[in-house]
Amino acid sequence: MEPNLVTDERLSRVLDELIRREPLFHRTEFGTTRADFAAMTAPDFWETGASGQRYDRAHVLDVLEERHKDPPAEEWEAAEFRCRELAADVYLLTYTLVLNGRTSRRVTIWQQDADGWKVLYHQGTLVQDS
């Protein structure tokens, strides 16, 4: 049974800000270089891929740098965004992403500080065909 995921009304501004930034690493307006991606991630950032494999920040930056040398043509649609405050200025954002026909559930933990928004953690889980 699907949970009833609702964003608290007081987080609507945060939700709007984070929707503009997702899907993570696919929004070219936030940059396409290694330095851009490094600036948007916390020093201890890590992610769990759809395979279940965990990746550290250096590996993710290497992959992104390589990918953006010859950017792939991508068709994506993101929907069902929900936001939850985990701690002061730390937010859990969840959404569904259809990327080149492949559906996944995404979760990103964002932190806002004096320098702006930073990603602490990201995960993508593939949705199996029903």
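Right, let's walk through the structure included here. (Residues numbered from 1 in each chain as written. Predicted model: local features only at pLDDT ≥ 70, side-chain atom pairs only at ≥ 80, totals over all residues. Heavy atoms only, no water.)

Here's the deal with the pattern of salt bridges
It is possible for side chains of opposite charge to pair when their charged atoms get near one another.
Step number 1: Scanning all chains against the criterion turns up nine salt bridges.
Step number 2: Between Glu17 and Arg20 there is a salt bridge, and its shortest N-O distance comes to 3.3 Å. In this pair, Glu17 and Arg20 are both assigned in helix H1 (residues 12–21), three residues apart and thus about one turn of the helix distant.
Step number 3: By relative accessible area, Glu17 is classed as partly exposed at 23%.
Step number 4: When the shortest N-O distance is used, the salt bridge between Glu29 and Arg27 registers 3.9 Å. (Salt bridge = Lys/Arg side-chain N within 4 Å of Asp/Glu carboxyl O. Helix = DSSP H or I, 4+ residues; strand = E, 2+ residues; numbered from the N terminus. Buried < 20%, exposed > 50% of the residue type's maximum accessible area, 1.4 Å probe, protein only.)

So, the sheet that holds strand S2 (residues 54–56)
Step number 1: An order of S2-S1-S6-S5-S4-S3 is seen for the six strands of this open sheet, with the pairing classed as mixed. Each end of this open sheet is capped by a strand with a single partner; those strands are S2 and strand S3 (76–87). Between one strand axis and the next, the sheet turns by 20 degrees as a mean value, whatever way the strands run.
Step number 2: As paired elements, strand S5 (residues 102–113) and strand S6 (residues 116–126) share ten bridges and run antiparallel to each other. Note on S6: the bridge partner recorded for Gln112 is Trp117.
Step number 3: Of the strands in this sheet, S3, strand S4 (90–99), S5 and S6 touch H1, which is tilted by about 135 degrees from S3. (Pairing = 2+ DSSP bridges. Axes fitted to C-alpha atoms, helices over the stretch in contact; angles between N-to-C directions. Contact = heavy atoms within 4.5 Å.)

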